[in-house]
Structure formats: structure tokens, C-alpha cells
Amino acid sequence: MNRIEVCFSPGEYHLYERDFDLVVVLDVLRATSAICAAMEYGVGEIIPVATLEEAKNYKAQGHIVAAERGGQIVDGFDMGNSPYSYMDPKLKGKTVVLTTTNGTKAINMAKDKSTVVIGALNNLDAISTWLIEQERDVLVLGSGWKDKFNLEDTICGGAIADLCLASGKFYADSDSTVAAKFLFRSSRDNMFSFLKASSHRRRLRNLNLNEDVKYCLTPNNCKAIPILKNGSLVLLNHAPTSK
Ligand code: MLT
């Protein structure tokens, strides 16, 4: 039997991480949803960097660099964090460097683990099925908002935990995992409306990014599983559903 736990935010990562060597990072609104969309639509690799300083260095070397802070594209960079911007045929096969407020920070926190994969509601079934096949302990890390709990990552973590636990191959020890599962179960029939209460959803609505939110809250619109290899996120599986 393997263990699965949900860690609500990077601020609590130190309390969980020592027991796990496989980490699934989530940032449903919007970094990991955008990364899944990018892989689904053929972007070659994404280099996740935690700071704007690192992003600027890559930009100076001529890379395509995406940078988001507080939901907005940072001035001077090529793009931000909208999943739609990664569906551009011009990006097929290309390398994109990405820095975001919370998501790329969480990915970098976990980078010393032997396996780091990217989850979202968008690849919920694909990532859960793959995790069940691994027969390893799994930590699901929500990116939260500035080290605080957030609703959307917790619900997605609860959905992954629910599917893994239902396989009969996992157990959970922490109340955070039980709470995430219950939140998912209370919201699953009307996630879009339930998540009206999410602070980042309000932030994105104020920035007129409702279409992004709708995309990010749509379960299973992609099959891509991005995995971290030598500091870059690449496609683990090769079963794109979209052109
Ligand atoms: C983040 O990393 O905090 C986000 O993805 C923010 C966003 O662009 O919506």
C-alpha cells in the first residue's frame, strides 16, 4: 500500500516533503494549467524559474520568456500565464522560460525530488491514472497564494487523492488529505460556481481573464503529463488530444 497526501501550500511543504520522492505540483489558476496546455499543444519544453532575475537573464540570452506577477504579464516579457497563449502554433517545439507568482516557485521547491510531475484539473484523469500505476508514495503540493491555502489547488488535490484512494492502492494519514477530498466532493457537481469564492478567481475576473478561468476549471480537456527532467518540463506521455 502506498501513501498519498495533499500539502496545501509551499509554506507547509517542509512538514511533508521528507517522506516523499514523487511530487505532483498544482497551480490550477493558472500556471500548471498553462503548462499542461503548452505540452498538449506541442511546446517543446518549459524551463520554470522562480525569480524575475533569472527570467531576465534568459531573456537577455534571446530565449522566449513568459513572466507573470499578480495575474498580469510583467512588462518587457514575451507572454504571461494564459493557457491560450501557449496554444500558438508558432510555439510548437520551442523552449519557453516561465516565471509565475506561485506555481514556478512551488516547482522549484520540489526540484531535488527524483520525480516532479505537473497536475491540474485539465489532466486530472491522466495524472491520476499514471500515479496509480507508479506504486510509489505521492505528495500533491498546491502552489497556494503567497504561501497561503487556496481553494482551487486544494480541490484539485482532493480530486487526485480521491481517485488514487479509490484504486485501493493508497492510504492517507493527514487530515489535510481528508479535508481536500471532502472539499472536492462538495464542489465537483458545480466547480465553476463553487470556486466563485476563490480569491484568485476574483483577482482574475477583475483582470478580465474569465475565459482562462473557464479553461482551467474544465476537467480532462487534456492528456498531457508534464515532467521535470534536468530542470525543464517536458511531455511524459505522447497522447495529444488536440491539434
Ligand atoms: C501563479 O503562479 O500564482 C499563477 O499562475 C497566477 C496567475 O497567473 O494566475
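See the structure above.
Residues numbered from 1 in each chain as written. Predicted model: local features only at pLDDT ≥ 70, side-chain atom pairs only at ≥ 80, totals over all residues. Heavy atoms only, no water.

## Regarding the overall build of the protein chain
Of regular secondary structure, the protein chain possesses 10 helices and 11 strands. Over its C-alpha trace the protein chain gives a radius of gyration of 16 Å, about what one expects of a compact globule, namely 18 Å for 243 residues. With the principal axes as the frame, the protein chain shows a C-alpha extent of 50 × 35 × 35 Å. Split into buried and exposed, the 243 residues of the protein chain put 55% on the buried side. (Helix = DSSP H or I, 4+ residues; strand = E, 2+ residues; numbered from the N terminus. Rg over C-alpha atoms; globule rule 2.2 N^0.38 Å. Buried < 20%, exposed > 50% of the residue type's maximum accessible area, 1.4 Å probe, protein only.)

## Description of the site of the ligand
Taken together, 14 residues lie near the ligand, and Arg30, Asn81, Thr100, Asn102 and His200 sit nearest. Interatomic distance of 2.8 Å between a side-chain N/O atom of Asp27 and an oxygen atom of the ligand. Contact distances for the ligand include 2.6 Å between an oxygen atom and a side-chain N or O atom of Asn102. A total of 270 Å² of accessible area belongs to the ligand in isolation, and the protein chains cover 100% of it. Of the residues that constitute the shell around the ligand, the class distribution is four nonpolar, seven polar and three charged. (Near = heavy atom within 4 Å. Polar contact = N/O pair within 3.5 Å; in protein donor to acceptor, adjacent residues only side chain to side chain. Areas by Shrake-Rupley, 256 points an atom, 1.4 Å probe, with all protein chains shown as cover. Nonpolar A, V, L, I, M, F, W, Y, C, P; charged D, E, K, R; others polar.)

## Section: the packing of helix α5 (residues 124-134) against helix α6 (residues 151-166)
Where α5 contacts α6, the axes come no closer than 9 Å and their chain directions differ by 45 degrees. Relative to α6, the element α5 is oriented oblique. Between α5 and α6 the crossing geometry is right-handed. Counting all contacts with α5, which are made through Leu124, Asp125, Ile127, Ser128, Leu131 and Ile132, the residues of α6 involved are Ala159, Ile160, Leu163 and Cys164. Taken together, the residues that form the contact of α5 with α6 break down as eight nonpolar, one polar and one charged. (Axes fitted to C-alpha atoms, helices over the stretch in contact; angles between N-to-C directions. Parallel < 35°, antiparallel > 145°, perpendicular 65-115°, else oblique. Left-handed = near helix turned anticlockwise from the far one by under 90°. Contact = heavy atoms within 4.5 Å.)

## Some words on the side chain of Arg201
With respect to the helices and strands, the residue Arg201 is situated in helix α9 (residues 199-206). Once residues within four sequence positions are removed from consideration, Arg201 is found in contact with Leu29, Phe192, Leu195, Lys196, Asn210 and Val213.

## Some words on the pattern of salt bridges
Throughout the structure, instances matching the rule amount to 11 salt bridges. Of the charged contacts in the structure, one is a salt bridge between Glu5 and Arg3, with a shortest N-O distance of 2.8 Å. As far as the burial class goes, Glu5 and Arg3 line up, both buried. For Lys113, the salt bridge is made with Glu17, and the minimal N-O distance between the two is 2.9 Å. Residue Lys113 is located in the loop between α4 (103-109) and β7 (115-119), and its partner Glu17 is located in the loop between α1 (13-16) and β2 (22-26); the two are separated by 96 residues in the primary sequence. Judged by relative accessible area, Lys113 falls into the buried class, the value being 12%. Using a relative accessible area of 23% as the deciding quantity, one classes Glu17 as partly exposed. (Salt bridge = Lys/Arg side-chain N within 4 Å of Asp/Glu carboxyl O.)

## Some remarks on the nonpolar core
One finds Ile4, Val24, Val117, Leu131, Val138 and Ile160 to be the most contacted residues of the largest nonpolar core, which totals 36 residues. Looking at this core, the elements with two or more residues in it are β1 (2-7), β2, α5, β8 (138-142), α6, α7 (175-187) and α10 (210-216). In this view, Leu131 contacts Leu22, Val24, Val138, Ile160, Cys164 and Phe170; residues no more than four positions away in its chain are not counted. Judged by nonpolar contacts, the second largest core, of 31 residues, contains Phe20, Ile35, Val96 and Leu98. (Core = buried A, V, L, I, M, F, W, Y, C linked by side-chain atoms within 4.5 Å.)

## Brief notes about the environment of Gly103
With respect to the element layout, Gly103 can be found in helix α4. With 40 residues separating them in the primary sequence, Gly103 and Ser143 have C-alpha atoms 5.4 Å apart. Excluding its chain neighbours within four sequence positions, the residues that come into contact with Gly103 are Val25, Asp27, Ala31 and Ser143.

## A closer look at the pairing of β8
Of all five residues that make up β8, five are buried, and the element is covered over most of its length. What you see with β8 is no split at all: Val138, Val140 and Gly142 on one side and Leu139 and Leu141 on the other are buried throughout. Bridge count between β1 and β8: four bridges; the pairing is parallel. Following the sheet pairing, Cys7 is matched in β8 by Leu141. Sheet topology note: the β2/β8 ladder contains four bridges and is parallel. Paired with Val25 across the strands is Leu141, a residue of β8. (Pairing = 2+ DSSP bridges.)

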